[in-house]
Amino acid sequence: MIEMNKATVQYPGTEQPAVNELSLTFQRGEFVCILGRSGAGKSTLIRTFNALQPLTSGTIYVDKQSLHDMSEEEQRQERARMGMIFQHFHLIPRLSVLQNVLTGAFGRKKPIHNLLGRFTKAEKDLALQTLEATGLLPFKNRRVEALSGGQKQRVAISRALMQQPDIFLGDEPVASLDPSTANEVFQLLKQLHEENDTLTFINVHDVHLAKTFGTRIIGMKEGHVVFDGPPEELTDDVYQLIYATEQQV
Ligand SMILES: Nc1ncnc2c1ncn2[C@@H]1O[C@H](COP(=O)(O)OP(=O)(O)OP(=O)(O)O)[C@@H](O)[C@H]1O
């Protein structure tokens, strides 16, 4: 489903690529947890999948198409197939839960309809369905600013589901949540992943969550992949390899 060939990202003014010649393939149904120290390149990697982050060299094909070679409009449409959630939720605090979720339909609509805030009955029905899926239906009219962190992330997940994504990208989605809420959010993500048969990528700092929920773990270090395998192969030695600092190696 995703095929990377020597994909590289080097930010201007930096000495080393943030993502360094990665050649990996990913299939529908995989729940990929990406581990690595801060600055290892996890965020940059998942942003290359929907071309939010341009490549410096190499290629990435999603279903044999290269988003990186498309026009901005084409990229916008393709991006609508990929739901994305973030550490800080990226919601509009003063709007209601339902209004926030409806903005997930924007990628598929004409910009003028977005400006006018017009939504079809089908879009509204879908928004309600996604809220049902994340358990937030009773909160649909509540302003987002009046929700807990875990609830906010569930709004963000509902909004991503509005896109009926084939690919789900989570950029440290539980980093702001307490351990028990983080576990609940992961359970929800895994359940939705299985129901919708998506390809899911989650950047996470918690190795326990990665091992519990991931079907495949990628360990990154300084732009390279130092581990790629099933959770049961993530031994203490591999853990050391991923997290050791230069001085410790
Ligand atoms: N816009 C940018 N300009 C320059 N360098 C950048 C930029 N964004 C990221 N970097 C650098 O690229 C490297 C990888 O960053 P990235 O955010 O992908 O890492 P990460 O593993 O997601 O880290 P974290 O866990 O802290 O989010 C880091 O060295 C970072 O400083």
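Above: the structure in question.
Residues numbered from 1 in each chain as written. Predicted model: local features only at pLDDT ≥ 70, side-chain atom pairs only at ≥ 80, totals over all residues. Heavy atoms only, no water.

1. Considering the overall build of the protein chain
Move 1: Within the protein chain, the regular secondary structure consists of nine helices and 10 strands.
Move 2: Against the compact-globule benchmark of 18 Å for 249 residues, the protein chain has a radius of gyration of 18 Å, which places it among compact chains.
Move 3: A principal-axis box enclosing the C-alpha atoms of the protein chain has dimensions of 55 × 40 × 35 Å.
Move 4: Within the span of the protein chain, comprising 249 residues, buried residues form 52% of the whole.
Move 5: Accessible area of the protein chain: about 12,200 Å², with a carbon and sulfur share of 49%.
Move 6: Taking the average place of the 26 positive charges on the side chains of the protein chain and the average place of its 30 negative ones, the gap between the two points comes to 10 Å. (Helix = DSSP H or I, 4+ residues; strand = E, 2+ residues; numbered from the N terminus. Rg over C-alpha atoms; globule rule 2.2 N^0.38 Å. Buried < 20%, exposed > 50% of the residue type's maximum accessible area, 1.4 Å probe, protein only. Areas by Shrake-Rupley, 256 points an atom, 1.4 Å probe, with all protein chains shown as cover. Lys, Arg positive; Asp, Glu negative; His and termini not counted. Charge placed at Lys NZ, Arg CZ, Asp CG, Glu CD.)

2. Some points on the packing of helix 6 (residues 149-162) against helix 7 (residues 179-196)
Move 1: Between helix 6 and helix 7, whose axes approach to 10 Å, the crossing angle comes to 15 degrees. If you check the angle between helix 6 and helix 7, you find them roughly parallel. Both helix 6 and helix 7 take part in a crossing whose hand is right-handed. Facing G150, Q153, R154, I157 and L161 of helix 6, the residues of helix 7 in contact are T181, V185, L188, L189, L192 and N196.
Move 2: For the contact of helix 6 with helix 7, the class distribution of residues is six nonpolar, four polar and one charged. (Axes fitted to C-alpha atoms, helices over the stretch in contact; angles between N-to-C directions. Parallel < 35°, antiparallel > 145°, perpendicular 65-115°, else oblique. Left-handed = near helix turned anticlockwise from the far one by under 90°. Contact = heavy atoms within 4.5 Å. Nonpolar A, V, L, I, M, F, W, Y, C, P; charged D, E, K, R; others polar.)

3. A few points about the site of the ligand
Move 1: Around the ligand, a shell composed of 13 residues is seen, among which S38, G39, K42, S43 and T44 lie nearest.
Move 2: Within the backbone of A40, an N or O atom sits 3.1 Å from an oxygen atom of the ligand.
Move 3: Within the complex, 58% of the 640 Å² of free accessible area of the ligand lies under protein.
Move 4: When grouped by side-chain class, the residues that make up the shell around the ligand number three nonpolar, seven polar and three charged. (Near = heavy atom within 4 Å. Polar contact = N/O pair within 3.5 Å; in protein donor to acceptor, adjacent residues only side chain to side chain.)

4. Considerations on the nonpolar core
Move 1: Ranked by internal contacts, the top residues of the largest apolar core, which has 45 residues, are I157, F186 and V204.
Move 2: Looking at this core, the elements with two or more residues in it are strand 4 (31-36), helix 3 (97-102), helix 5 (121-133), helix 6, helix 7, helix 8 (207-213) and helix 9 (236-243).
Move 3: Excluding residues within four positions of it along the chain, F186 makes contact with F31, C33, V174, I202, V204, L209 and F213.
Move 4: Counting 30 residues, the second largest nonpolar core, distinct from the first, contains A7, V9, M84 and L199. (Core = buried A, V, L, I, M, F, W, Y, C linked by side-chain atoms within 4.5 Å.)

5. Details of the pattern of salt bridges
Move 1: Scanning all chains against the criterion turns up nine salt bridges.
Move 2: The partner of R216 in a salt bridge is E30, with the nearest N and O atoms 3.1 Å apart. Separated by 186 residues along the polypeptide, R216 in strand 9 (residues 216-221) and E30 in the loop between strand 3 (25-26) and strand 4 bring together distant segments of the chain.
Move 3: R216 sits in the buried class, given a relative accessible area of 11%.
Move 4: Judged by relative accessible area, E30 falls into the buried class, the value being 18%.
Move 5: Measuring nitrogen to oxygen at the nearest pair gives 2.8 Å for the salt bridge that ties R81 to D63. Taken together, the residues span a long stretch of sequence, with R81 in the loop between helix 2 (72-79) and strand 6 (82-86) and D63 in the loop between strand 5 (57-62) and helix 2 at a distance of 18 residues.
Move 6: Exposure remark for R81: the relative accessible area of 16% places this residue in the buried category.
Move 7: Connected through shared salt-bridge partners, R28, D63, E78, R81 and D166 make up one network. (Salt bridge = Lys/Arg side-chain N within 4 Å of Asp/Glu carboxyl O.)

6. So, unusual backbone geometry
Move 1: Of note in this structure, D63 is not a glycine but carries a positive phi near 50 degrees.
Move 2: Accessibility expressed as a relative area gives 38% for D63, which makes it partly exposed.
Move 3: A positive phi angle, close to 50 degrees, is found at E172, a residue other than glycine.
Move 4: As for its placement among the helices and strands, E172 is situated in the loop between strand 7 (167-171) and helix 7.

7. A word on the packing of helix 5 against helix 6
Move 1: Direction vectors running N to C along helix 5 and helix 6 enclose 135 degrees, while the axes themselves pass 9 Å from each other. Comparing their axes, helix 6 and helix 5 come out oblique. As for how helix 5 packs across helix 6, the hand of that crossing is right-handed. Facing helix 5, whose interface residues are E123, L126, A127, T130, L131 and A133, helix 6 presents S158, L161 and M162.

8. Comments concerning the environment of P54
Move 1: Within the element layout of this structure, P54 appears in the loop between helix 1 (42-49) and strand 5.
Move 2: Separated by 46 residues in sequence, P54 and T8 place their C-alpha atoms 9.2 Å apart.
Move 3: With residues up to four places along the chain from it excluded, the contact list for P54 reads V9 and H68.

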